[in-house]
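This is what each chain is made of:
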Amino acid sequence: MNKLPLLSKEDVTDPALKEKWESYSFDLALFHAWAHTPEAFVAYTGFNRTVWTEIEGGMPLLLKEIAVVQASVLAKSSYEWGNHGRGMIRRGGSQKQLDALIAGDTESDLFSSVEKLVIQFTTEVTVDAKPTDKTLAVMADLFTSKQIMDLTFAIGAYMLNSRCANLCGLENGDDKAYN
């Protein structure tokens, strides 16, 4: 077996999971993966929504999207970089920037110095589990601790999302089967 199967909504018997799943106006292939663990699905989808809620003094959503795409590329999850690449473009990024991230061209002139810093921070957090002292110092010069933690929650969430998607063999475009 090279992947876990996806569950259908009809497979679900847990009432809290059914209610949570039905509360969404859309269906994601990833929901069909998360359905294996009803308690985690309910709790985690609530948390995951907070990553994309614009909070006062939080990290700008475009920078979060860039970070999520980078973390997803590093996790080899086309499912997540596909979904959030489209989100990155909707929030002001470009297709050329997305293509550069997917190709690993993180130093491209397509990115501003701030975007490059966020990409570097994301890479270090994803690969080494923490940023270097130098990277964190530069981040702290530009962003508040709240913004840095907000960004770190987004990176961590999408590292997990990428791993769940990969475990179930999800690829870019798989949501089309459910919407």
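Since the structure is predicted, the reported quantities are computational estimates derived from the model, not experimental observations. (Residues numbered from 1 in each chain as written. Predicted model: local features only at pLDDT ≥ 70, side-chain atom pairs only at ≥ 80, totals over all residues. Heavy atoms only, no water.)

1. Quick look at the overall build of the protein
When helices and strands are tallied, the protein shows nine helices and zero strands. Mapped in sequence order, the helices and strands of the protein form the string α-α-α-α-α-α-α-α-α. Taking the principal axes of its C-alpha atoms as reference, the protein extends roughly 50 × 30 × 30 Å. Taking the contacts inside the protein whose residues are at least 6 apart along the sequence as the reference set, 63% of them involve residues at least 24 apart. By element, 57% of the accessible surface of the protein is carried by carbon and sulfur atoms, the whole surface being about 9300 Å². Taking the average place of the 17 positive charges on the side chains of the protein and the average place of its 24 negative ones, the gap between the two points comes to 1 Å. (Helix = DSSP H or I, 4+ residues; strand = E, 2+ residues; numbered from the N terminus. Contact = heavy atoms within 4.5 Å. Areas by Shrake-Rupley, 256 points an atom, 1.4 Å probe, with all protein chains shown as cover. Lys, Arg positive; Asp, Glu negative; His and termini not counted. Charge placed at Lys NZ, Arg CZ, Asp CG, Glu CD.)

2. Considering the pattern of salt bridges
Summed over all chains, the structure comprises four salt bridges. A salt bridge links Lys 9 to Glu 22, with the nearest nitrogen and oxygen atoms 3.4 Å apart. You can see Lys 9 sitting in the segment before helix 1 (15-22) and its partner Glu 22 sitting in helix 1, a full 13 residues away along the chain. When its relative accessible area of 25% is taken as the criterion, Lys 9 is described as partly exposed. When its relative accessible area of 54% is taken as the criterion, Glu 22 is described as exposed. Taking the shortest distance from any N to any O, the salt bridge between Glu 65 and Arg 91 comes out at 2.3 Å. In this pair, Glu 65 sits in helix 4 (residues 61-74) while Arg 91 sits in the loop between helix 5 (78-90) and helix 6 (95-103), placing the two residues 26 residues apart along the sequence. For Glu 65, a relative accessible area of 1% translates into the label buried. (Salt bridge = Lys/Arg side-chain N within 4 Å of Asp/Glu carboxyl O. Buried < 20%, exposed > 50% of the residue type's maximum accessible area, 1.4 Å probe, protein only.)

3. Remarks on the nonpolar core
Most often, soluble globular proteins keep nonpolar side chains buried together rather than apart. In terms of nonpolar packing, the biggest core is built from 24 residues, with Val 69, Leu 101, Phe 121, Met 139, Phe 143, Leu 151 and Ile 155 touching the most fellow members. Of all the elements in the fold, those that place two or more residues in this core are helix 4, helix 5, helix 6, helix 7 (113-128) and helix 9 (145-167). The greatest single-element share of this core, amounting to six residues, is contributed by helix 4. Residues within four places of Met 139 in sequence aside, it is in contact with Met 59, Leu 117, Phe 121, Ile 148 and Leu 151. (Core = buried A, V, L, I, M, F, W, Y, C linked by side-chain atoms within 4.5 Å.)

4. Considerations on the packing of helix 5 against helix 6
The packing of two helices is summarised by the inter-axis angle and the distance between the axes. Contact geometry of helix 5 with helix 6 gives a least axis separation of 9 Å together with a crossing angle of 150°. Regarding helix 5 and helix 6, the two cross each other, and that crossing is right-handed. Between helix 5 and helix 6, the residues in contact are Trp 81, Gly 85, Met 88 and Ile 89 and Gln 95, Gln 97, Leu 98, Leu 101 and Ile 102, respectively. (Axes fitted to C-alpha atoms, helices over the stretch in contact; angles between N-to-C directions. Left-handed = near helix turned anticlockwise from the far one by under 90°.)

5. Quick notes on helix 7
With 16 residues, helix 7 should cover 22 Å at 1.5 Å per step; its first-to-last C-alpha distance of 22 Å lies within 8% of that length. Of all the positions in helix 7, only Glu 115, Lys 116, Leu 117, Val 118, Ile 119, Phe 121, Thr 122, Glu 124, Val 125 and Thr 126 are classed as buried. Among the structural elements, helix 4, helix 6, helix 8 (133-142) and helix 9 are those in contact with the buried residues of helix 7. (Expected span 1.5 Å × (residues − 1).)

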